[in-house]
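Next come the chains, spelled out residue by residue.
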Amino acid sequence: MCPRQFMSRRAFLGILLKGGTLALFGATLYPLARYLYPPRRGESSVSNVAAAKVGELMPNTAKVFRFGNRPGILIHTPKGEYKAFSAVCTHLNCTVQYNEEASIIWCACHNGKFDLNGGVISGPPPRPLEAYQVNLRGDEIIVAKQV
Ligand code: FES
């Protein structure tokens, strides 16, 4: 084997090893940096949205809708009232859902439970869900931030 060939093969392997090491660091550090310094998510600038049409929801059902850049949940209670909340769980930001059998708002992530006023029934959530105002405008159900 010629020394030049050996050196070039050695240099090639060195570059390959350094490149692989660099790629490994990048693949490890980038997600870690994104976790430690998440991108800023501005507060939703939307103050009200049409969450549903009147008659769209049967009593004891709910709908998750988009409220700016966050989810909201509109509930047509068993008593026929409309209630709306932020669908972002106050524990670790999972999206909550409506449990029709128990008529409660439920977070599947850690079994957090909220009543139909957004209050915590059980589980780890430290605070109630943010409540929104609900108004009817024509055939639309308008959900607005409380002032
Ligand atoms: S994120 Fe909802 S209970 Fe933990």
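Residues numbered from 1 in each chain as written. Predicted model: local features only at pLDDT ≥ 70, side-chain atom pairs only at ≥ 80, totals over all residues.

1. Some points on the overall build of the protein
A count of helices and strands for the protein gives 1 helix and 10 strands. The linear arrangement of helices and strands in the protein, starting from the amino end, is α-β-β-β-β-β-β-β-β-β-β. By the compact-globule yardstick of 15 Å for 147 residues, the protein is too spread out, its C-alpha radius of gyration being 26 Å. In the protein, which comprises 147 residues, the proportion classed as buried is 20%. For the protein, the share of sequence-separated contacts (at least 6 apart) that also reach a separation of at least 24 residues comes to 35%. (Helix = DSSP H or I, 4+ residues; strand = E, 2+ residues; numbered from the N terminus. Rg over C-alpha atoms; globule rule 2.2 N^0.38 Å. Buried ≥ 20, exposed ≤ 12 C-beta atoms within 10 Å, placed from the backbone. Contact = placed C-beta atoms within 7 Å.)

2. Points about the nonpolar core
Of all hydrophobic cores here, the largest spans 21 residues; its most connected members are I73, L74, V96 and V143. Secondary-structure elements contributing two or more residues to this core are β1 (48-53), β2 (61-67), β3 (70-76), β4 (82-86), β6 (104-107) and β10 (140-145). Beyond its immediate stretch of four places on either side in the chain, I73 contacts A62, V64, A84, F85, A87, V96, Y98 and I105. (Core = buried A, V, L, I, M, F, W, Y, C linked by C-beta atoms within 7 Å.)

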